[in-house]
Structure formats: C-alpha cells, structure tokens
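Summary of structural features
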Amino acid sequence: MSFLRLHSLLQQSGKPFVYIALALASSCVVTMAGAADLATRNLGFEEWQAGPSLPSGWKMLMEAHTVSADCELAKEGKCSVKIESNAKTPKGAMTAIGQTLVASTIGGHPLRLSGWIKTRDVNNGRAELLFQVDGKLKKAVAEAMLAKRGPTGSMDWQRFEIKVPVAANAAFVHFGVGLVGEGTAWFDDIKLEVDESIAVPDIAEIKKPARPQKFMQLLDDQSLALPAGLIPTIQPAWQVGIQKNAHSLRSLFSDDFSDLQFLKPLLKDKRIVQLGESAHGIAEFNWMKTRLIKFLHQEMGFELIAMEASMTAADAAYVNLDKTSALEAMRSSQFGTIGTDETLDLFNYLKQGTAGKPRLILAGFDNQDSGYLGHQNIIARFKSMLQTIDPALAGQVDGIEEKLNALLNKQIPVTAASELPEHYKLIADTLLKNRTTLAKQFPAYMVDMTIQEARSRVSFSQQLASSSMSNESIEKRDQRMAENLNFLADIVYPQKKIIVWAHNFHIANDWADKAHAKTMGVWMAEKRRKEIYTIGLYMGRGVLGSYGKESYTEIAAPPAGSMESILANGRLKMSFVDFSLAKPDASNSWMFAPGYARYWGMTPEAITPAKAYDAVIYIDSVTPSEYPH
C-alpha cells in the first residue's frame, strides 16, 4: 500500500497502525456458480489446520502480532484464525492477512466481505475487515473497512460485513482481515460475495496534463486572476480578509524578484526558512521553491539549502560539484520523488552560482539513504576513517550495512537485526573517541558529520524495527532529522542562514491533532522558534503523478471548509498569506482556529493554520513532476 493510502487510513481511523500489503494470489478465483444473483466463495478458514502456514492463497508480509490457527475455538468449521498481540507488538500497530484478485474476474459489480469475529481484551484498536480496489493508473480507487464499527473489548462471535464497488476496468482487489492494537481476535467463515444484480461503472482514466511553459516575465493582474467560477463560497468576512492579506506571486520562473520584496521585512530576523509541500511530485511546488531559494540566496544572504535527503549523500554531491554535472549531483544525492526535472533547475543553479555571491551550499538532514550513491558514500566514509583507528571494526562495516539493507528491504525479520543499533553506536563512539586523530587526516566537519551519520544509523535501524508508519517509527525518523538539522546549524555551519526543503508533514511547527506523531518541525520549533519562518505549500486542483509510473490522480477542487477553499478566495492563481503578523479578528479567525487542509491534495489533515505555519503559499492549479531520463 502506498504511503499516501496508509496515511489516509491513519487519519480516518484515528489510530496509527501498520497496514500489511496484500500479496498477489493468482490461485484465488471467485467462482460465479449458483443460481442466485449473489455468488459466494467461502475462503475456507475451517480447513486451515494448526501450523505455521496461512490458509491457501493467503499472505502476510510482516508480523506485528502473532497469527495462528485455533482448532479449539471455531464458529463454523474445525479451526479459526487467531491474531493476538505479543510483548513486541507496538502500540496501535496492525497485522492483516489477505489475498489479491485480478479485478477482471469479478469486475463490474459490488463485492461483499463477511465473516464471524470474536474478540478478547482488544484495546487501542479493533478487529478489522478490509477492502482496497486498485485502478490500472491509480491505487485505492475504492476502499472499505469496519473502522469505528470494528469490534473492541471482549465480544462473543458476531457476524460483520463490508462492501466495495469494483469497476470492470479496475486492476486488483485486495481483501483481508486484521487486528489493530492489543488483545486477541478470532475470524471464521470468511466469505467473499459478488452482487451481480448491481452494475458498477468503469473508472475514468486520468490523462497527464500539459506542463506550463517557462514564461520568464512576471504575470500581470489579469493573467494572475483566478476565474470567479473557481472560487468557493466562504464567510463574507473571511473573503474580505483573505483578499486584503494575500500577496501576489507573479511567476514560477522569473529572475525578476520585484514581486517578492514583501518577504524582506518578514524574514529579516530569521535564520532558518522552511519550505514545505503538501505532496511530492508537484511541478509547480518545485519551481516555486527553486525561485524562492534563488531570491533568498541573492537578496537576503541565505547560504545553505538543506534538503530532505541523506546528510552524507548531499555533502558528497556538494564536495564533488565541480567534478560532476548538475544531473549527477541531483541523482546521486536525492530521493527519486524530489529529483525531478524542475528540481534540476536548482542543481544547475547550485553548480553555476550567481555573480557576486558565494556558491549556495548543499546539505541534507535525513537519517535515511537517498540518491543512488547515498549508501556507498556512507560506507566509504565509515571505512576510510575507521581503517586508521580500528581496522577490525572497519572490516565489519560491509556486513553491518548489508544487514541494514536487508532489514530495509524486509529480507530478514526484525529479530535477525536486533544488534544493529549497538553496532552503529560502537562506530559513533569509536569515531568520537578518536576525533582529534581523525581531524588531522580528514576535514574536521567531515569527521563530525560521519559521527553524526553513525548516530543517524542508530535511529534508522531502530526506526526499521518499529511498525512501518506507526507514530514510534515516524518519531524516530523526525527526531533524528531535527537533531541533524540542528547539528548543521550549530556545528557545521554555525554562521550560515539556512533554507530547508521538505514535506509539510515534516516542517509544520504544530499539529492540531494531538494523536499526530511528533515531527521534525515541532522539535525545531521547541528549540529555535524565534529564528524560524515556516512556509507550507498547498494546491487547489489539478493532477498528481506517481513517481516511476505513468499513473495520475485528479486533485478535486478545494472542498468547502478547507483551508484551500479560503486561500482560493484571494482570487489569485498563486498567492502568499502571512500568519506571523496577523492579529485575530473576524476577518482572519480561521487562521487561529482548528480546521483542516489537504494532505497530498486529498486527505483532510487537522491543523490550526497560524500554529502550524508562519505563512502558506497557495497554487490553484498543479501538474505532475517529470523525471530526467
């Protein structure tokens, strides 16, 4: 399941969990036999004999709970499926087992998944039935789950069902059962049924839109005006307030920065400017951020761009910038979702520089590998430094990193890599103990950065040992990203003014939903709120791409009540709204009250705008990123 869909389910359920992707099971076919309109297939849990294997065709890719056959407690057959928490189950985690069908075998009709469920002491979650329908060009075109209807606590056998429409031109249908949280759940007589009496229309395929041309002139008022038919209805007082406070952003590309001069008094005392994005893979976001970076570098003295990328990979790309192309620097250091054609404009700027200004420095703050050389560069620095002070430990680096990579790719269970944090702690401690010696052979900042990278590996290996996308896993990463960013600001570049490039999820200063994971921006705000200015980027409508795939998702117009619907009332195709100087009154009360904006352009995410950001940028119409060949 994609990160986007996972996050959506987290928001809807209100509980963090690990969703187990349902693997293909080509042997599973829903038969249409029987005289009734409703054709039924019993998935045969009663035939599952006690033992380590799952029922025929069923798959489980990860084990947050213990899954077994219970042949002493069943509702219909000889055995039921039992899913129970254990001592290693993270709070709020989920385990699911299930199958995947090729949708063409059953497409064009609704499906119903039903079964008997019994629970004992289930808390911080529920027992679940799950459906997800994938289109050929887009995942999760339809989905269903019990959610709040799912049984909790202790409950005797009870029958539950969920339904989902399946278009004839869908790609796959994933279905299964699961348990969120602590406790035990039993499942029996699970049935998948097709209702042939109802027709489901085909999925409309979304085509890739034309990209904006690189028009270098500033747009005039007429060109920048948002047509009246695209402006949602909001409270009249808010409409007046947003039109008064929205600044025009007149270009994605121009080197004429006259429209950005309003930023100077807002940012004059700020050392760190954070630039977010509600989704990766949006061309207009990448172009706008690149233009803002050029302005901040040329006219406001910012000297460092810190990317959501590997610390070592970004530094190695910067060190070798004169020896490689801009494209090589980007590919070797950045995640694919960020390494777009539009972001290449930034890397060309990094390489070429601008007259009369020191070159903009490239850095990274993530604890994860990024870029095709990220992993190699980390290994090379560990080994080259350790070789001079502890050859035996240097000789272990390849094996340690191999195990980390296997854990990352889920080739080994967590239990087989439990010693990884201690290995990386030993590397960090050994480097720190010998820092003075190493600083005579390597640049001092590089020694410090390699120590910091080893500490990042401690948190990365711990993160991988947690349930994917659980609050625990998210917080491991984001806390380390904050520590790495503070390390860059305090140790490596203590006098530099810094621009941060990351997702809105990471940079926001505050989250209205208190069940939300604590993220990098919250930690950064706790330490250095007065010197930070945080800008979230949001979209109105358009098309979102999928990295590495010819797959597109339509972003619907801003719904009433969303922050985007208010921003659209600025009547500008591109605008900037400052929160930091606003004083609460009737015209801007939405800034200071809990509301929601759209994560990835689709999923409602609770925020109090003026607490989450110092400002937001609104771009009404967006197109997918393109990627260098």
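Now for a look at the structure at hand.

Calculation notes
- Residues numbered from 1 in each chain as written.
- Predicted model: local features only at pLDDT ≥ 70, side-chain atom pairs only at ≥ 80, totals over all residues.
- Heavy atoms only, no water.
- Core = buried A, V, L, I, M, F, W, Y, C linked by side-chain atoms within 4.5 Å.
- Buried < 20%, exposed > 50% of the residue type's maximum accessible area, 1.4 Å probe, protein only.
- Helix = DSSP H or I, 4+ residues; strand = E, 2+ residues; numbered from the N terminus.
- Phe/Tyr/Trp six-rings, centres within 6.5 Å; stacked < 30°, edge-to-face > 60°.
- Lys NZ or Arg CZ within 6 Å of the ring centre and 35° of its normal.
- Salt bridge = Lys/Arg side-chain N within 4 Å of Asp/Glu carboxyl O.
- Axes fitted to C-alpha atoms, helices over the stretch in contact; angles between N-to-C directions.
- Left-handed = near helix turned anticlockwise from the far one by under 90°.
- Contact = heavy atoms within 4.5 Å.
- Nonpolar A, V, L, I, M, F, W, Y, C, P; charged D, E, K, R; others polar.
- Disulfide = S-S within 2.5 Å.
- Lys, Arg positive; Asp, Glu negative; His and termini not counted.
- Parallel < 35°, antiparallel > 145°, perpendicular 65-115°, else oblique.
- Pairing = 2+ DSSP bridges.

Some words on the nonpolar core
Soluble globular proteins tend to bury their nonpolar side chains together. Counting 88 residues, the largest nonpolar core has L263, I305, I535, F576, W590, Y613 and I617 as its most contacted members. The element contributing the most residues to this core is helix α5 (residues 283-300), with nine residues. Grouped together as the second largest cluster of nonpolar side chains are 33 residues, L113, A185, F187 and V194 included.

As for the environment of L426
Structurally, L426 is set in helix α12 (residues 420-433). The exposure class of L426 is partly exposed, given its relative accessible area of 44%. Spatially, the C-alpha atoms of L426 and R455 are 9.6 Å apart, while their sequence positions differ by 29 residues.

Topic: the packing of aromatic side chains
Describing an aromatic ring pair means giving the distance of the ring centres and the angle of the ring planes. Counted by the stated rule, this structure contains 10 aromatic pairs. Between F257 and F295, the ring centres sit 5.7 Å apart and the planes meet at 70°, which makes this aromatic pair edge-to-face. Taken together, the residues span a long stretch of sequence, with F257 in the loop between β9 (246-248) and α4 (263-267) and F295 in helix α5 at a distance of 38 residues. The buried category is assigned to F295, whose relative accessible area is 0%. Both rings, one in F505 and one in W511, keep their centres 6.2 Å apart while their planes meet at 40°; by these two values the pair is tilted. Accessibility classification places F505 together with W511 in one group, the buried group. Ring pairing ties together the aromatic residues F505, W511, Y599 and W600, which thus form one cluster. Above the plane of the ring of W116 lies K75, whose end atom (NZ or CZ) is 4.5 Å from the centre.

A few points about the pattern of salt bridges
In total, this model carries 36 salt bridges according to the counting rule given. In this structure, R159 engages D189 in a salt bridge whose closest nitrogen and oxygen atoms are separated by 3.7 Å. With R159 in strand β7 (residues 153-166) and D189 in strand β8 (residues 170-195), the pair connects residues that are 30 residues apart, well separated along the chain. The exposure class of D189 is buried, given its relative accessible area of 7%. Ionic pairing is found between E531 and R528, a salt bridge with its closest N-O pair at 2.9 Å. Relative accessible area serves as the criterion here: at 24%, E531 is assigned to the partly exposed category. A relative accessible area of 6% places R528 in the buried class. The network of salt bridges with common partners includes R112, E161, K163 and E193.

So, the packing of helix α9 (residues 374-389) against helix α14 (residues 444-465)
Interhelical geometry of α9 versus α14 gives an angle of 115° and a closest axis separation of 10 Å. In the packing of α9 onto α14, the handedness of the crossing is left-handed. Each of H375, I378, R381, F382 and M385 in α9 lies in contact with α14, whose residues at this interface are M446, V447, M449, T450, E453, A454 and R457. Residue classes in the contact of α9 with α14 are distributed as seven nonpolar, two polar and three charged.

Overview of the state of the cysteines
Counting across every chain of the model gives one disulfide. Disulfide pairing places C71 opposite C79 at an S-S distance of 1.9 Å. Judged by the torsion about the S-S bond (95°), the C71/C79 disulfide is right-handed. According to the relative accessible area criterion, C71 is partly exposed, its value standing at 35%. C79 sits in the buried class, given a relative accessible area of 1%.

Considering the side chain of D478
Relative to the assigned elements, D478 resides in helix α15 (residues 471-492). The side chain of D478 sits in the buried core without any salt bridge; R477 is the nearest counter-charge, 5.1 Å away. When residues no more than four places from it in sequence are discounted, the contact partners of D478 are H506, K518, T519, M520 and W523.

Details of the packing of α9 against helix α11 (residues 397-408)
Here α9 crosses α11 at 155°, and the two axes come no closer than 10 Å. Between α9 and α11, the crossing angle belongs to the class labelled roughly antiparallel. For α9 against α11, the interelement crossing comes out right-handed. Mapping the contact onto sequence places H375, I378, I379, F382, K383 and L386 in α9 and V397, D398, E401 and N405 in α11. Here the contact of α9 with α11 is composed, by residue class, of five nonpolar, two polar and three charged.

Details of the pairing of strand β5 (residues 109-135)
Moving residue by residue along a regular strand, the side chains alternate between the two faces of the sheet. The element β5 is largely enclosed, with a buried count of 22 among its 27 residues. With 11 bridges connecting them, β5 and β7 associate as antiparallel partners. Residue pairing for β7: L113 is matched across the bridge by I162. Across 20 bridges, the pairing between β5 and β8 is antiparallel. Counterpart to S114 in the pairing with β8 is K191.

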